[in-house]
Amino acid sequence: MSTIMKASDFVAKLKDIATNYKTLYVMGCFGAPMTAANKKRYIDHHPYNKQLARVKLINAASADTFGFDCVCLIKGVLWGWTGNKAKVYGGAKYDTNGVPDADANTMINLCSEVSTDFSKIEVGEAVWTNGHIGVYVGDGLAVECTPAWKNRVQITACNCSKPGYNTRKWKKHGKLPYIDYTVASTAPTKTTKPKLDVATSYNRSIAGKYTVTASAGLNIRTGASSSKKSLGVLPKGTVVSHYGYYNVASNGSKWLYIVTPDGLEGYCSMKYLTKS
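Residues numbered from 1 in each chain as written. Predicted model: local features only at pLDDT ≥ 70, side-chain atom pairs only at ≥ 80, totals over all residues. Heavy atoms only, no water.

(A) Structural view of the pattern of salt bridges. Inspection of every chain in the model, using the stated rule, returns eight salt bridges. Across the pair Asp-44 and Lys-40 runs a salt bridge, and its minimum N-O distance is 2.8 Å. You can see Asp-44 and its partner Lys-40 sitting in helix α2 (residues 36–45), four residues apart, about one turn around the helix. On the basis of relative accessible area, Asp-44 is assigned to the partly exposed category, the value being 36%. Overlapping salt bridges bring together Glu-113, Glu-122 and Lys-175 as one network. (Salt bridge = Lys/Arg side-chain N within 4 Å of Asp/Glu carboxyl O. Helix = DSSP H or I, 4+ residues; strand = E, 2+ residues; numbered from the N terminus. Buried < 20%, exposed > 50% of the residue type's maximum accessible area, 1.4 Å probe, protein only.)

(B) The arrangement of the nonpolar core in detail. By size, the foremost hydrophobic cluster in this structure holds 50 residues, and its most contacted members are Phe-10 and Leu-176. With seven residues, helix α4 (residues 70–78) is the single largest residue contributor to this core. The residues touching Leu-176, leaving out its near neighbours within four places in the chain, are Phe-10, Ile-74, Met-107, Cys-111, Gly-124, Ala-126 and Tyr-181. (Core = buried A, V, L, I, M, F, W, Y, C linked by side-chain atoms within 4.5 Å. Contact = heavy atoms within 4.5 Å.)

(C) Geometry of the side chain of His-173. The topology assignment puts His-173 in strand β11 (residues 172–175). Here Asp-117 takes part through its backbone oxygen, which lies 2.6 Å from a polar atom of the side chain of His-173. Polar contacts involving the side chain of His-173 include one to the side chain of Glu-125, which spans 2.6 Å. The contact partners of His-173, leaving out residues within four places of it in the chain, are Ile-108, Glu-113, Val-114, Ser-115, Asp-117, Phe-118, Ile-121, Glu-125, Ala-126 and Val-127. (Polar contact = N/O pair within 3.5 Å; in protein donor to acceptor, adjacent residues only side chain to side chain.)

(D) Inspection of helix α1 (residues 7–20) at higher detail. Between the first and last C-alpha of α1 there are 20 Å, a value that for 14 residues agrees with the 20 Å anticipated at 1.5 Å per step. Where α1 is concerned, the buried positions are Ala-7, Phe-10, Val-11, Leu-14, Ile-17 and Ala-18. Viewed end-on, α1 has its buried residues packed into an arc of 125 degrees, placing them on one side of the element. What points out from α1, more than 90 degrees from its buried face, is the exposed set Thr-19 and Asn-20. (Expected span 1.5 Å × (residues − 1). Arc of directions from axis to C-beta.)

In structure tokens form, the structure reads like this:
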């Protein structure tokens, strides 16, 4: 089965709905705006919505409020919900993209790698407890639509305690077959080694460990001149290694080829180095 969305896009959409849209828990609703016609449709067609308390909440909702239930939030996004108030279902198209009209318990059974161990849960996985489902969005948080707490699509703490969030104890998690969970690998950045001047002089007797004495620190450069590119500043007291190779500047001063403890190579003026 081909996937519909990357996990990162799926999670971004769910978080966007939870934080930037008016929503209400309406059983059987997958993102329809609460127009008068839709209110009547969902009250008439689901026993849960016919309860007096629910009827009151649904009828009080503004037309720019979108209705969802737990699994219909997932299906609505996968069916293409866009938040379009002019569309009957907010832009979603029922039973499309290969995503079936499944309930919460069926949806978790469609998932792969279902587990009760939450230590390695991945972003975008479905989280489930009996009769209820949500999506893990990272940082110990999940997005779910529930009549509990805020009575809407909301971000909650997933099996943990987090200040400012209500906590849901989920029992299982798994990978939805419609989501791409692969993470694009970033190739390591190749660091280009700076090109150094070739050392033209050698004196074995001066090889050894040297300590930086300049109070303001000492530049390590690509060659034997203060006009050469600086590769960094070595703090006073830094101990460097010298192997006898050096260059002589135009003013007659010696610049030693050195290697720092971190492996940085370059030239430093011998004037500010003391042999250990």
